[in-house]
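Breakdown of the fold
Here are the chains, one letter per residue:
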Amino acid sequence: MSSWWREAVIYQVYIRSFADGNGDGVGDVAGLRSRLPYLAALGVDALWLNPWYASPQVDAGYDVSDYRRLDPLFGDLDDAKALIQEAHEHGLRLILDIVPNHTSDQHAWFQQALASAPGSEARARYHFRPGRGADGSEPPTDWPSIFGGPAWTRTVNADGKPGDWYLHLFAPEQPDLNWTNPQVRREFEDILRFWLDLGVDGFRIDVAHGLTKDPAFPDLASREAGGMLDAATEDHPYFDRDETLAIYEDWRRVADSYEGERVFVAEAWVADASRVARYLTPTRLHTAFNFGLLSCPWDATALRTEIDATLDVLAAVGAPPTWVLSNHDVIRHATRYGRAHTSLANARRLYGTPVDHALGERRARAAVQLINALPGGTYVYQGEELGLPEVEDLPPSVWQDPNRRYKDHDGPVRDGCRVPLPWSGDAPPFGFSPEGATAPPWLPQPAEWKERTAATQEQDADSTLSHYRTLLRIRREWLGRGLGDGAALEWLPQAAEDVLAFRRGEVLCYANLSAAAVQLPAGYRVLIASEPVAGAALPVDAAAWLVAE
Ligand code: NOJ
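This text gives an overview of the structure that appears in the document. (Residues numbered from 1 in each chain as written. Predicted model: local features only at pLDDT ≥ 70, side-chain atom pairs only at ≥ 80, totals over all residues. Heavy atoms only, no water.)

1. Quick look at the pairing of strand β15 (residues 499–504)
Of all 6 residues making up β15, 5 are buried, and the element is well covered by its neighbours. Bridge count between strand β14 (residues 489–491) and β15: 3 bridges; the pairing is antiparallel. Its bridge partner lying in β15, E490 is registered against R503. The sheet contact formed by β15 and strand β16 (residues 507–512) spans 6 bridges and is antiparallel. By the bridge assignment, L500 is partnered in β16 with A511. Two successive antiparallel strands, β15 and β16, enclose a turn made up of 2 residues, where G505 displays a positive phi of approximately 55 degrees. (Buried < 20%, exposed > 50% of the residue type's maximum accessible area, 1.4 Å probe, protein only. Helix = DSSP H or I, 4+ residues; strand = E, 2+ residues; numbered from the N terminus. Pairing = 2+ DSSP bridges.)

Below, the structure written as structure tokens:
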């Protein structure tokens, strides 16, 4: 039998926005436990949970102050243990999010470092460096923080005088760890073991391409910085460096020392599929998010090029691809696909520019059907199964993303894709929080979401939720017949321009990105289509799976 993770459908639980069990307006483990039956019925194989560790929550949990405890916002270790067990009972594996590039500035190590003298052992776990200029008042390099401003913050010495600077590729509250330090390496292997011992099935690695830095700390000068959504180029001083790969060889040995298949998925925004493949050799990580497809416009040639490049390059290292359309950092794809510019690079968020949401949702349904026919695994970002749009009009008073402090932007940056889910009912909190909750959801939900609740869509056979459920059920049956990862993709001569058409095993997949309906081949019946197919004509912006009659 093929390894579970090679073709898994993994549902991303953005825990603070999934389901609130204790009524404080923030999602938590109790809420998630109560919704496990929904996730099992959806037909996914595993859950990836965004960070739930103790954290000041400056960057929604990506600023960890204690990696072995849960933040009280979400629950405690007993809740975590119960969740792991119950998820497994529902047939769902559980993947945590590990944050190795940086800690919180409130982490004990960083507090010790600040309290210790320059050059001390405590400081050697981070990157402290003297400033430039006669009085050291210039940052050590010209590196920018991804959230805006410089990537360095100056410290104050015990005598009150300005001291060294420390590196933070993200917010100043997220100091970067020094991965040449053996204590750092030992500590993270120990953290992995802590959670693996509790039974988790793997880890998503945050900023997996960022851990090591050029020890010479050169300026970027005219080089591109590379951001969270931009690919880093080769020989970069802090992204996608060769030394990082050796760390994952150690991590792989840790994971392989456990029973069952415990796996890693890398969040690596690197230049292209060939750079991703470096992380996925058999002695390194298992999978990585495919951001190429997530960034791709709604265009048949661009999608096909991306699919082919990914399949070719990953086949060479024996790793399965993963296909992703959205996550908690990027605009919801039902909105992206409804704008004139459909690529991530062109669209970013483009708040305030026209969006045809019905078109976006229709394309989103076709896209999810397309990716689920491809070899490899897929990801579902919570709420995409409800066709949720980006929330563009959150008032500035509720914005939480640390991006808001620095960046020129046209809206609530990443908060617009993080609004709490609508489960049921006619008015907020739409079942997100229990009856009698003491606080409203941490971000306000649009009133129109009463049409989009899970409860409403469950009653409607044509809803996006029903489409996901049927799609994932058929996918599972199809894979169950051994047509998974092993069945290669074979492109079919195109029925028309701008139509993606391929065979995998017994199934043909058509996705129509052209301007007119296309005729599907004779002798086949439709297994499932993202829009009604009449007279074997596949409508525009729709996808269908076919099998021989
Ligand atoms: C990537 C995460 O997905 C994002 O949400 C976070 O802000 C950065 N890494 C920093 O940890």
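2. What to know about the site of the ligand
Around the ligand, the structure places 14 residues, and the nearest of them are D59, D206, H328, D329 and R414. Here an oxygen atom of the ligand sits 2.8 Å away from a polar atom, N or O, in the side chain of H328. In this structure, D329 approaches the ligand through a side-chain N or O atom, which is 2.4 Å from an oxygen atom. Relative to its unbound accessible surface of 290 Å², the ligand loses 100% to contact with the protein. For the shell around the ligand, a count of residues per class yields 5 nonpolar, 2 polar and 7 charged. (Near = heavy atom within 4 Å. Polar contact = N/O pair within 3.5 Å; in protein donor to acceptor, adjacent residues only side chain to side chain. Areas by Shrake-Rupley, 256 points an atom, 1.4 Å probe, with all protein chains shown as cover. Nonpolar A, V, L, I, M, F, W, Y, C, P; charged D, E, K, R; others polar.)

3. Observations concerning the state of the cysteines
A full pass over the atoms with the stated rule returns 0 disulfides. Between C296, a cysteine without a disulfide, and C509, which holds the nearest cysteine sulfur, the sulfur-to-sulfur distance is 15 Å. We classify C296 as buried; its relative accessible area is 6%. Overall, C509 belongs to the buried group, its relative accessible area being 1%. (Disulfide = S-S within 2.5 Å.)

4. Some details on unusual backbone geometry
Omega for the peptide link from P428 to P429 comes to 5 degrees, which places this bond in the cis form. Its identity as a non-glycine residue notwithstanding, L350 has a phi of 45 degrees, on the positive side. The topology assignment puts L350 in the loop between α11 (344–347) and α12 (357–371).

5. Some remarks on a negative patch on the surface
On the surface, a cluster of negative charge is made up of D393, D426, E448 and E451. As for its placement among the helices and strands, E448 is situated in the loop between β13 (377–381) and α13 (454–458). For E448, a relative accessible area of 56% gives the class exposed. (Patch = residues over 30% accessible without salt bridge, like charges linked within 9 Å, V, L, I, M, F, W, Y side chains within 5 Å. Salt bridge = Lys/Arg side-chain N within 4 Å of Asp/Glu carboxyl O. Lys, Arg positive; Asp, Glu negative; His and termini not counted. Charge placed at Lys NZ, Arg CZ, Asp CG, Glu CD.)

6. A look at the packing of helix α5 (residues 182–197) against helix α6 (residues 242–256)
In contact at an axis separation of 10 Å, α5 and α6 are set at 30 degrees when each is read in the N-to-C sense. Overall, the two elements α5 and α6 adopt an arrangement that is roughly parallel. Considering only the axes of α5 and α6, their crossing is right-handed. Where α5 approaches α6, its residues R185, F188, E189, L192, R193 and L196 are matched on the opposing element by A246, I247, D250, W251, V254 and A255. (Axes fitted to C-alpha atoms, helices over the stretch in contact; angles between N-to-C directions. Parallel < 35°, antiparallel > 145°, perpendicular 65-115°, else oblique. Left-handed = near helix turned anticlockwise from the far one by under 90°. Contact = heavy atoms within 4.5 Å.)

7. Brief notes about the packing of aromatic side chains
Each aromatic ring pair is specified by the distance between its two centres and by the angle formed by the two planes. Tallied over the full model, the rule gives 32 aromatic pairs. Centroid distance F110 to Y166: 4.8 Å. Interplanar angle 65 degrees. Geometry classified as edge-to-face. Taken together, the positions of F110 in helix α4 (residues 108–115) and Y166 in strand β8 (residues 162–167) put the pair 56 residues apart, joining distant regions of the chain. Relative accessible area serves as the criterion here: at 1%, F110 is assigned to the buried category. Overall, the relative accessible area of 8% leaves Y166 in the buried class. A cation over a ring is seen here: R35 above W423, with NZ or CZ 4.0 Å from the ring centre. (Phe/Tyr/Trp six-rings, centres within 6.5 Å; stacked < 30°, edge-to-face > 60°. Lys NZ or Arg CZ within 6 Å of the ring centre and 35° of its normal.)

8. Looking at α5
The end-to-end C-alpha distance of α5, which contains 16 residues, comes to 22 Å, matching closely the 22 Å that a straight helix rising 1.5 Å per residue would cover. Residues V184, F188, E189, I191, L192, W195 and L196 constitute the buried set of α5. Projection of α5 onto a plane perpendicular to its axis shows the buried side chains occupying an angular sector of 155 degrees, all on one side. Exposed and oriented more than 90 degrees from the buried face of α5 are P182, R186 and D197. The N-cap of α5, judged by a side-chain oxygen 2.8 Å from the amide nitrogen of Q183 a few residues on, is N181. Following α5 by one or two positions, G199 adopts a phi angle in the positive range, close to 105 degrees. (Expected span 1.5 Å × (residues − 1). Arc of directions from axis to C-beta.)

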